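Summary of the model geometry
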Amino acid sequence: MSYLKRSPWVIHYDASSCNGCDIEVLACLTPVYDLERFGIINTGNPKHADIFLVTGSVNEQNKEVIQNIYNQMPEPKVVLALGICATSGGVFRECYNVSGGVDKIIPVDVYVPGCAVRPEAIIDGVIRGLKILEEKHKKFQAISGGKGELTIAQAGIQDAGDILELQKLAYQSEAELYNDFSLSPLTQTLEQLEDDFKNKFFLKSVMHDKIIGSVRAFMEGDTCHIGRLIVHPSYQNYGLGRKLMREIEAYFPQAGRFEVFTGHKSRRNIYFHQRLGYKIFKRERVSELRDRVFMEKFANKDRK
Amino acid sequence: MNIFLNILLYVVLAPLAGGLLSGLDRKITARMQSRIGPPILQPFFDVLKLIQKESLVVRRSQNFYIGFFLILVIFTGALFFTGKDILLVIFAFTLAGIFFVLAGFKASSPYSFIGAQRELLQMMAYEPIIILSAVAMYMVTRSFYISDIVSFSRPLIYYLPGVLFGLLYILAMKFRKSPFDLSTSHHAHQELVKGITTEFSGRSLAMIEVAHWYENMLVLGFIYLFFARSPLAGVVLSLLAYFLVILIDNTFARVKWQLALLSSWLMTLIFGFGNILILFILPK
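Cut-offs used in this document
- Numbers given to residues run from 1 along each chain, matching the order in which its sequence is written.
- Each chain is given a letter, starting from A, and each ligand a number, starting from 1, according to the order in which they appear as written.
- Selection of residues for local features in this predicted model requires a pLDDT of at least 70, selection of side-chain atom pairs for listing and counting requires 80 or more, and totals for whole chains, interfaces and linings are taken over all residues.
- Each side-chain value is worked out from all heavy atoms of the structure, with water and hydrogens disregarded.
- Orientation is described by axes fitted as lines to C-alpha atoms, over the contacting stretch for helices, and by angles from 0 to 180 degrees between their N-to-C directions.
- The helix and strand labels rest on DSSP assignments: H or I over at least four residues marks a helix, E over at least two residues marks a strand, and numbering proceeds from the N terminus.
- Oblique is the label for any angle not covered by the other classes, which are roughly parallel (under 35 degrees), roughly antiparallel (over 145) and roughly perpendicular (65 to 115).
- By definition in these notes, contact holds between two residues if any of their heavy atoms fall within 4.5 Å.
- For this scheme, ten residues count as nonpolar: Ala, Val, Leu, Ile, Met, Phe, Trp, Tyr, Cys and Pro. Four count as charged, namely Asp, Glu, Lys and Arg, and the remainder, Gly too, count as polar.
- Only protein chains enter the calculation, and the probe is 1.4 Å; a residue is then buried if its accessible area is under 20% of its type maximum, exposed if over 50%, and partly exposed in between.
- The arc in question is formed by the directions pointing from the helix axis toward the C-beta atoms.
- Either an automatic procedure or a domain database provided the assignment from which the domain bounds are taken.
- What gets called buried area is simply the loss in accessible area from a 1.4 Å probe that two parts show on being joined, summed for both.
- Here, a salt bridge means any Lys or Arg side-chain nitrogen found within 4 Å of an Asp or Glu carboxyl oxygen.
- Polar contacts, as used here, are pairs of N or O atoms within 3.5 Å; protein pairs need one atom able to donate a hydrogen and one able to accept it. Residues neighboring in sequence count only if both atoms are side-chain atoms.
- Patches here: salt-bridge-free residues with over 30% relative accessible area, like charges joined within 9 Å, nonpolar side chains (Val, Leu, Ile, Met, Phe, Trp, Tyr) joined within 5 Å.
- Residue exposure ignores everything except the shown protein chains as possible cover, and the areas themselves are Shrake-Rupley values with a 1.4 Å probe.
- Positive residues here are Lys and Arg, negative ones are Asp and Glu, while His and the chain termini are left out of the count.
- To locate a charge, take NZ of a lysine, CZ of an arginine, CG of an aspartate or CD of a glutamate.
- Here, strands pair whenever DSSP counts at least two bridges between them.
- Ring pairs shown here join Phe, Tyr and Trp side chains whose ring centres sit within 6.5 Å, with only the six-membered ring taken for Trp; geometry is labelled stacked below 30 degrees between planes, edge-to-face above 60, and tilted in between.
- Charges are assigned to positions over rings by a cutoff of 6 Å between ring centre and Lys NZ or Arg CZ, combined with an angular limit of 35 degrees from the ring normal.

Our focus in this paragraph is the packing of helix α2 (residues 42-52) of chain B against helix α8 (residues 202-225) of chain B. Residues and elements named next belong to chain B. It is the contact of α2 with α8, at a shortest axis distance of 7 Å, that shows an interaxial angle of 150 degrees. Looking at the two axes, α2 sits roughly antiparallel to α8. Contact residues: Pro43, Phe44, Val47, Leu50 and Ile51 in α2; Gly202, Arg203, Leu205, Ala206, Glu209, Val210 and Trp213 in α8. Of the residues assigned to the contact of α2 with α8, the class counts are 9 nonpolar, 1 polar and 2 charged.

In structure tokens form, the structure reads like this:
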């Protein structure tokens, strides 16, 4: 049983526009509507929050703020776009400084239109958001607990098509980061990938008969080169990547050293590998836009 | 074996009672603001939910300090409720508080820094009267052992009304309530985000919450000591003290730290020290 439904804590951010929806959100906390009846608290701290309420349209100045608040919230989390401005940009959508609705920046789960949005509608939206929160929690548990539904196994050449599709999806964020859509994972063809199966070892993670993650590796001398760790965007942040890395390292017990590389701007990737015990040892220029950062880990160190 | 049974009972019952009191507090607060308020069991739902959430950290070691905070609070309570030395209780309690402050500093964000600094200031404000109350209890009962203090022939309130008043004054600090909820707060004061607890989420926040329940029971136990001669009156009056804190919480705004520090030291000096002085001068 989950207690997420019984105690949803919210954080509220007013992006821009007229503040009408902003005031209605606060009205929900007053004695008339009393959101705390449902255990809802306005925390004002993203790290304590489960539900992110955004009012107003997104403009150039607060894009990063919204992104930042979203990233700081622990999983599972839900985003509500309150009011027509947050939903689509509303009457401000054509302004030169307005990017549009909140879903331009972060994934939105519930849209609550209205100008200004009524407190009753906000409460209804939050209650709907709770159901989504519950579903996300189940997904989170299935992956982090690895209960039945998730399997990690060796992939064969028949999986090449699915893996290629996933690879192109998963590398979108990297391409946006460097503004370079000619990255090799994005331009790889099916033939090339099928070629890879001859000399590389592939792992896939499958959930409900669908491949949601993969990683590949090959030996060169004493070193095991691990590459192309990909996880479906809607299954990221559930610890799946870490599982795949551990699994593939275990498949190469003879390796004395593991090596990975990533782009210099991919801070999340670097941090992710550091958490797994990798250290940066080399940096190489690939193109005008991108440096490659090489990271290594010695096997004997963590075998205890 | 009896002592182990007592400790076990305390470890299990104290958080249950603390959580229920905290739920009652939220209900009473809501009624005072003419709201309906959450169910009484809400604090338990909150903690159970926090356990299910992802735990984000700035530094992994911050959770280590929180672990120590919880363990030391439980240890302090175990000493207290099995009737051990009150000085040891006070020092262990302070140490627990120090670990909490260290955790806040370890998380290294400006908000948790300010929260941790304010927590330290609060400790400076409330420690003198707590130590003075141990001294005063010794002067009356000639023992630092809580078991002796409890079984003293007359209620301590006859001798130490001033000390009790001083303790009541700093009570809001220990319960993290207005006007002294400087370091962190359950309410929507957001200028410090959440103060010392800003950087804690998931399981570690749940641990802070549970430690706070233990703390609350311990503080109420302290008040109980003053009426220990008749247990029923003791329980009722310490609950009344809790109600008083809630009432004050809903009546006053948060004060600046300067005022909090100065006023609690003044109260300690006038009522706490004054009480002891009178005891010293008056013949037995």
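Let us keep going from here.
Moving on, we get to helix α9 (residues 240-250) of chain A. Since the α-helix turns once every 3.6 residues, residues separated by three or four places project in the same direction. All names here are of chain A. Within the sequence span of α9, burial applies to Leu240, Gly241, Leu244, Met245, Ile248 and Glu249. The arc that holds every buried residue of α9, seen down its axis, measures 170 degrees, which confines them to one face. Of the exposed residues in α9, those oriented more than 90 degrees away from the buried face are Arg246 and Ala250.

Residue and element names in this part refer to chain A. Splitting chain A by domain gives domain 1 (4-145) and domain 2 (150-302). Distance from the C-alpha centre of domain 1 to the C-alpha centre of domain 2: 34 Å. Roughly 780 Å² of surface becomes buried between domain 1 and domain 2 when both sides are summed, with 63% attributable to carbon and sulfur atoms. The tally of links from domain 1 across to domain 2 stands at 0 salt bridges. Between the two partners, domain 1 and domain 2, sit 0 residue pairs in polar contact (both at pLDDT 80 or more). Its residues assigned to classes, the side of domain 1 that touches domain 2 comprises 3 nonpolar, 2 polar and 3 charged.

This paragraph deals with the interface of chain A and chain B. Contact with chain A, which involves 31 residues of that partner, is made by 30 residues of chain B. Roughly 2700 Å² is buried in total at the junction of chain A and chain B, and carbon and sulfur atoms are behind 52% of that figure. Inspection of the chain A/chain B interface yields 6 salt bridges. In this structure, the salt-bridge partner of Glu36(A) is Arg35(B), at a minimum N-O distance of 2.7 Å. If you look at where chain A meets chain B, you find 18 residue pairs in polar contact (both at pLDDT 80 or more). Partitioning the side of chain A that touches chain B into residue classes produces 12 nonpolar, 11 polar and 8 charged.

On to the side chain of Asn275(B), then. By the secondary structure assignment, Asn275(B) is in helix α10 (residues 257-281). Leave out the neighbours within four places in its chain, and Asn275(B) touches Tyr159(B), Leu160(B), Pro161(B), Gly162(B), Val163(B) and Ile270(B).

A few words now on the environment of Phe81(B). Residues and elements named next belong to chain B. Tracing the sequence through the fold places Phe81 in helix α3 (residues 61-81). Residue Phe81 is classed as partly exposed on the basis of its relative accessible area of 39%. It is 8.9 Å that separates the C-alpha atoms of Phe81 and Ser147, two residues lying 66 residues apart in sequence.

Right, let's talk about the pattern of salt bridges for a bit. Side chains that carry opposite charge are capable of pairing whenever their charged atoms lie near each other. Applying the stated rule across the entire model yields 26 salt bridges over all chains. Salt-bridge contacts for Lys198(A) lead to Asp195(A); the nearest nitrogen and oxygen are separated by 3.0 Å. Here Lys198(A) pairs with Asp195(A), and both are found in helix α8 (residues 190-199), just 3 residues apart, close to one helical turn. Judged by its relative accessible area of 69%, Lys198(A) is exposed. The class of Asp195(A) is partly exposed, set by a relative accessible area of 43%. A salt bridge links Glu296(A) to Arg257(A); its shortest N-O distance comes to 2.8 Å. Here the residue Glu296(A) occupies a position in strand β14 (residues 291-298), and Arg257(A) occupies one in strand β12 (residues 257-263), the gap between them amounting to 39 residues. On the basis of relative accessibility, which here comes to 17%, the residue Glu296(A) falls in the buried class. Looking at Arg257(A), the relative accessible area reads 15%, which means it is buried. A cluster of three or more residues bridged by salt bridges with shared partners is formed by Asp34(A), Glu36(A), Arg26(B), Arg35(B) and Asp46(B).

Taken together, the side chains of Arg242(A), Arg246(A), Arg275(A) and Arg60(B) present a region of like positive charge at the surface. Note on placement: Arg60(B) falls in the loop between α2 and α3. When its relative accessible area of 59% is taken as the criterion, Arg60(B) is described as exposed.

Attention shifts here to the sheet that holds strand β7 (residues 110-112) of chain A. Residues and elements named next belong to chain A. Across the sheet, which stays open at both edges, the 5 strands sit in the order β2-β1-β3-β5-β7 with parallel pairing between neighbours. Edge positions in the open sheet fall to β2 (41-42) and β7, since each of these has one partner strand only. In this sheet, β7 lies alongside strand β5 (residues 78-82) in parallel orientation, the contact comprising 3 bridges. Within β7, the position partnered with Ala81 by the bridge is Tyr111.

In a beta sheet, neighbouring strands pair by backbone hydrogen bonds and run either parallel or antiparallel. All names here are of chain A. Strand order in the open sheet made by the 7 strands is β8-β9-β10-β11-β12-β14-β13, with mixed pairing throughout. In this open sheet, the two edge strands, each paired with only one partner strand, are β8 (150-154) and β13 (279-285). Each strand of the sheet is rotated relative to its neighbour by a mean of 25 degrees, with strand direction disregarded. Examined bridge by bridge, strand β10 (residues 210-220) and strand β11 (residues 223-231) share 7 bridges and lie antiparallel to one another. By the bridge assignment, Ser214 is partnered in β11 with Ile230. Its contacts with the sheet put helix α5 (residues 160-170) on β9 (201-207), β10 and β11, and the angle it makes with β10 is roughly 95 degrees. The strands that α9 touches are β8, β9, β10, β11, β12 and β14; relative to β11, the one it contacts most, it runs at about 155 degrees.

A few words on the packing of aromatic side chains. If you walk through the whole model with that rule in mind, you get 22 aromatic pairs over all chains. Aromatic pair Phe261(A) and Phe294(A): ring centres 5.6 Å apart, planes at 45 degrees, arrangement tilted. Linking Phe261(A) in strand β12 with Phe294(A) in strand β14, this pair joins segments that are 33 residues apart in sequence. Taking the relative accessible area as the measure of exposure, Phe261(A) reaches 43% and is therefore partly exposed. Members of the aromatic cluster, joined through ring pairs, are Tyr10(B), Phe80(B), Phe81(B), Tyr214(B) and Phe222(B). Positioned above the aromatic ring of Tyr70(A), the side-chain terminus of Lys77(A) is 4.1 Å from the ring centre. Here Arg257(A) stacks its cationic end above the ring of Phe281(A), 5.1 Å away from the centre of that ring.

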